[in-house]
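Understanding the architecture of this molecule
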Amino acid sequence: MGQVLNRVTCPICNYTSHNFDPFNMLSIPFPTVSEVVFKCKVLRRATPNNCPRTLGSKSNKQTQRQSKAPCPPSEQLIMEEYLITMSRLADISDLKGKIHQLCSIPLHRLRLFVLNEPSDENNRETPPGSNCVTTLCAMPEKEGPCLQFARQGLNGGFLSPSEIPTTIMVFETTLNNRKTISQEKFHTTHFDASTSTQDAYEYAQRDLKHYGDATECLFFDTDPIQIARATSCILWPKSPEQIFVGLRVDAIDQRGHWFPGTVVEVKMEDKTILKSNDGDDIQIKVHFDNFSTKWDLTYSFSDFLKGNLCPLYSHSRPKDYPIEFQLFNYADDSSNAPLGYPFLLQFYGEWSEARAGAHILSQASRYMEFSSKGISAAVRDAEMNRIYREYQSTISSTIDSLITLDREFVTAALSKGVNGTDCNKPDTADIMKESRKKLRSCLPKLPFKLTIVNAEPGNDNMEELDFEYRLDRSIGNVINPQMQVILKWRPLGNSDPKPLYIEPRIVPFESSMKPSRPKAVDLSEENNKFAHGGMSLGVCLDEFCKEQKLEQADSWKCPKCKDVREGNQCMTLWRLPDLLTFHLKRFNCSARWREKITTKINFPLTGLDMKKWCDKNSPCSSDNYVYDLIGVVNHYGGMTGGHYVATCKVTACSTEGSEEVEHYFNGAGVHAFGTKERVQGAGWKLGRGKDKDSIHTRAALAAAKSVTESSEPLWLQFDDDSVEPIPPCVVNDESAYVLFYRRRQLSPSNVARYSTLD
C-alpha cells in the first residue's frame, strides 16, 4: 500500500496542513480542459440604428456622423464578437443564455450555428472573401454537450479545445414581430365559405392600421396571416368567372389531408360554355406551400362546390414559426466566388413576394455600410463614396416602393371583395402594372441581383431564376426548403471588378477577449517521450500532482485561522507500493451529459521512473522508483455499454513451475531468477481439452518456447474464454483503462510472501 502526501495551504495566513492518505490504486485524471472556448460572432438585425446610410432618415444620418464609435453591446453595431468560456459538458441552452447576457438580445431572438470554415494546415481560419465555401450547421438548443461542437487540433497530437476556439455564428432573428389584437384571437376566430365578407373585412382592418406604415420593415414586421385569411374569404369565388391566379386556398389531396396552397394556373376550354354547366371544363392548378411543383394538383370548379377547396386555413393549421433559410452572397462575374459568410433570414409565410423582397433588401443593407476604420482608402475616395451613396439611396427607395405597393394591393383586394369595382380607387391589376413599371427601373440600379436556385436532390438543372417581387404570390408558396436564395453582387465599375459587397466590421467585446482559460497541456520532449498520436502517462501524473485551488463547495477549514478557506491543494507521492495500479479517469459526467474520453495514453512497458512525482523528502530509496508493466485492462465501448479485455505479461518460471517475482528485463532475453542457465518452460494450456496432443497444447508449447528464446517478453490477451499471444507493440492501446505496474526491486517481505514454497 502506498501513501499520498496531501498539502493544503491557507491563502490568508499561509499555514500548510499535511495529511498522509493511503492508497491501493491511483485514479489519475486526463489533462483535458474542463472548459471549452467559443468565438461568437453576433450578427444583429438591420435597423436604422446600425444601417443609417440605407435605412435611416437624414436626421439620424447626421447624428451617426457626430456620435462616438459604439462599443459592444450596442444596437448601433452590425457585428460583434465575444469569446465565451463554457463547461465542456454544458448544454447549448447554457451557451445561448451566456450570449444573451453579453449582447442583450432576447433569448427567443437568437439562432446559433457552427461555422464550418475551411482551415489551412496550421488550423487557422480561412479569411472571408476567399474562394472557399463556408457552411452553417445549426446547434440544436436541447442537445449537447458543448464539447461535441468544440474544434479539435489537426496536427496529430493532443490539443486542448481552448487552443483553437470554435467559431459560432449567432444571428438575431430578422423579424421583429408587431403584436396585434387579431393575432391573439387567431385560434378563436373561424373563417370559412359561409363567413360574411363584411365581418371578414372588419376583422382584417385591425391589422391594416399598422401593416405597411412608416415603421414597417425598419423597426417592426407585421404578420399578415389574418389579412390573408380575410382576403381569401372575401374573394372566395361564387362562380367560375371569379377564380383568379393568386387565390389562397385550403386544398385536400388524394389521401384526405388538407394543405394551404395557391391557385397558380386557370385553364378554360371555352368561356362561352361556362354559363351552361358547373365549371368542370375549368382546370385549376394548385401549388402547395413548402412543396415542389411536382406535387401540384389540378381541380375543377365543382371541387369548390363540393368543399374540396375552402378558404385559407379553414382546415389546415398555419405553422407556429416563420420560414427560415440561409442567404448566400456571390460575386456576379465569371468567377462566381462566394463572399463572406451566409446569413439567416426569416419570413412570414403570408407575405407577398414584394414584401419579402423588401425584407431581403433591408437586411442586405448590412453589407453596404462602411466606416472610416473598416474600409480601404479606395472606398474613402470621394468618387467611390458617391457610388455607394447612390446604391444605398436606391435600396432605400426600392424598399419604400415595395412596402407602399404591397399595402395598396392588399387594401385594393379587400375593398374589391366588399364593395366591388370602384372607379375612384386603384384596381389590383393597375397596382400590379405600376409595380412592374417601377421594378423595371429600380432593379437594374441595385448593387446586387436576387436569384433563387432549386437545389432539390436529383435536380441536375441548377438554373438560377430571378426573384420576381410579385404582389399576388405569397413567399411561403414560392420558396420551399430545397431552394437557395442568392445575392449576386455587381462589380464596382467597368474598370474595377471588385464586388460592391462589404464585409461588416467585427467589433470585439474587449472584456471577453481574454477569458480565463485552463493552462495548455505541456507536451515537452520529456513528457512526450513515448507519445505517438496521444499523450504520455507522465502528463496525467503531472495533472494529478499539480497545485489547484479548492472550489467553494470543497472549502477547507484552516486550523490556524479557524475559518473556512478556499485553500491551495497539492498532492505528491510519499510511499510507493510494490504493485502500483493506475486507474485512468476516462469517464466524465454532469447533471445531464456523460462522456468517455478516448484520448490515447502512451505508457511505457518497462522503466517507468516515478521519482519525478514523489516528494523530495520521500523515504523511498533511489532504487525503488522504477516499475515495469505487468498487465492492462482495456475497456471497449461507451457510456451505455462496453466490454473488458485484459492483457498480461508472462513471467519466466523456475524448474519447479513457480513464477519468479524478481525479474529483470534488459532486452537480452528472459532468464530464470538465481541461475544463468536458460530454462525451457513447460508451457500454458490455452484450451480446456485434455488431449495432450491437441492444437491448444501445441500452441501453448510454442508460446512457452518463444518466451524463453525471444528477447521480448510474451504478452497474452484474455478476452472472455479466448486467450492468445499478442506482440508487445499492440499492448499500448487507446482503450487502456487500468494499468498494473510492478516494482523491479520488490520489498524483501513481499518477495517471501509472493514466492511459492514446497
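Now for a quick tour of the structure.

Definitions and limits used
Residues numbered from 1 in each chain as written. Predicted model: local features only at pLDDT ≥ 70, side-chain atom pairs only at ≥ 80, totals over all residues. Heavy atoms only, no water. Helix = DSSP H or I, 4+ residues; strand = E, 2+ residues; numbered from the N terminus. Buried < 20%, exposed > 50% of the residue type's maximum accessible area, 1.4 Å probe, protein only. Contact = heavy atoms within 4.5 Å. Areas by Shrake-Rupley, 256 points an atom, 1.4 Å probe, with all protein chains shown as cover. Core = buried A, V, L, I, M, F, W, Y, C linked by side-chain atoms within 4.5 Å. Patch = residues over 30% accessible without salt bridge, like charges linked within 9 Å, V, L, I, M, F, W, Y side chains within 5 Å. Salt bridge = Lys/Arg side-chain N within 4 Å of Asp/Glu carboxyl O. Lys, Arg positive; Asp, Glu negative; His and termini not counted. Charge placed at Lys NZ, Arg CZ, Asp CG, Glu CD. Pairing = 2+ DSSP bridges. Axes fitted to C-alpha atoms, helices over the stretch in contact; angles between N-to-C directions. Expected span 1.5 Å × (residues − 1).

With that settled, consider the overall build of the chain. The secondary structure content of the chain amounts to 15 helices and 34 strands. Relative to its full complement of 758 residues, the chain shows a buried share of 49%. Sequence-distant contacts, at least 24 apart, represent 70% of the contacts inside the chain between residues at least 6 apart. Surface accessibility of the chain: about 38100 Å² in total, with carbon and sulfur atoms responsible for 50%.

Turning our eyes to something else, we now look at the nonpolar core. Within the largest apolar cluster, 79 residues are counted, with the highest numbers of intra-cluster contacts made by Phe-347, Leu-487 and Trp-489. At 14 residues, the largest contribution of residues to this core is made by helix α10 (residues 382–419). Among the nonpolar cores identified, the runner-up in size contains 36 residues, and Met-535, Cys-540, Trp-715 and Leu-739 belong to it.

With that settled, consider a positive patch on the surface. Taken together, the side chains of Lys-433, Arg-436, Lys-437 and Arg-440 define a basic patch exposed on the protein surface. Relative to the helices and strands, Arg-440 is located in helix α11 (residues 428–442). Overall, Arg-440 belongs to the exposed group, its relative accessible area being 60%.

This part is about the pairing of strand β9 (residues 248–252). Judged by how many residues are buried, β9 sits mostly within the fold: four of five residues are covered. Pairing between β9 and strand β10 (residues 258–268): five bridges, direction antiparallel. Across the sheet, the residue bridging to Arg-248 is Thr-262, located in β10. With antiparallel pairing between neighbouring strands as the criterion, β9 and β10 make up a hairpin whose turn holds five residues, including Gly-256 at a positive phi of roughly 85 degrees. Strand direction decides the pairing type here: β9 and strand β13 (residues 309–311), joined by three bridges, are antiparallel. Counted as the bridge partner of Ala-251 is Leu-309 from β13.

Right, let's talk about helix α13 (residues 537–545) for a bit. Extensive coverage of α13 is indicated by the burial of seven of its nine residues. Those residues of α13 lying buried are Leu-537, Gly-538, Val-539, Cys-540, Leu-541, Phe-544 and Cys-545.

The strand order across the open sheet formed by five strands is β12-β11-β10-β9-β13, and the pairing between neighbours is antiparallel. Every interior strand has two partners, whereas the edge strands, β12 (297–299) and β13, have only one. Each adjacent strand pair in this sheet contributes to an overall mean axis angle of 45 degrees, direction not counted. When β10 meets strand β11 (residues 282–288), the two strands line up antiparallel, connected through seven bridges. Within β11, the position partnered with Met-268 by the bridge is Ile-282.

Checked against the element boundaries, Thr-606 lands in the loop between β28 (601–602) and β29 (608–609). Given the relative accessible area of 31%, Thr-606 is considered partly exposed. Sequence separation of Thr-606 and Val-626 is 20 residues, and the distance between their C-alpha atoms is 8.5 Å.

Let us now look at the pattern of salt bridges. One pass over the full model with this rule turns up 25 salt bridges. Across the pair Arg-565 and Asp-563 runs a salt bridge whose closest N-O atoms are separated by 4.0 Å. Residue classification places Asp-563 among the partly exposed positions, given a relative accessible area of 38%.

With twelve residues, helix α3 (residues 92–103) should reach 16 Å at 1.5 Å per residue; the first-to-last C-alpha distance of 17 Å fits that figure. The inward-facing, buried residues of α3 abut β4 (35–43), β5 (79–87), β6 (110–116) and β8 (166–172). At the C-terminal side of α3, Ser-104 shows a positive phi close to 65 degrees.

This part covers the sheet that holds strand β2 (residues 16–23). Taken together, the four strands give an open sheet; going across it, the order is β2-β1-β24-β21, and neighbouring strands pair in antiparallel fashion. Only two strands of the sheet have a single neighbouring strand rather than two, namely β2 and β21 (548–549). The pairing of strand β1 (residues 2–9) with strand β24 (residues 568–575) spans seven bridges and is classified as antiparallel. In the strand pairing of β24, Thr-9 is matched with Asn-568.

Shape is all these values report; function is a separate question.
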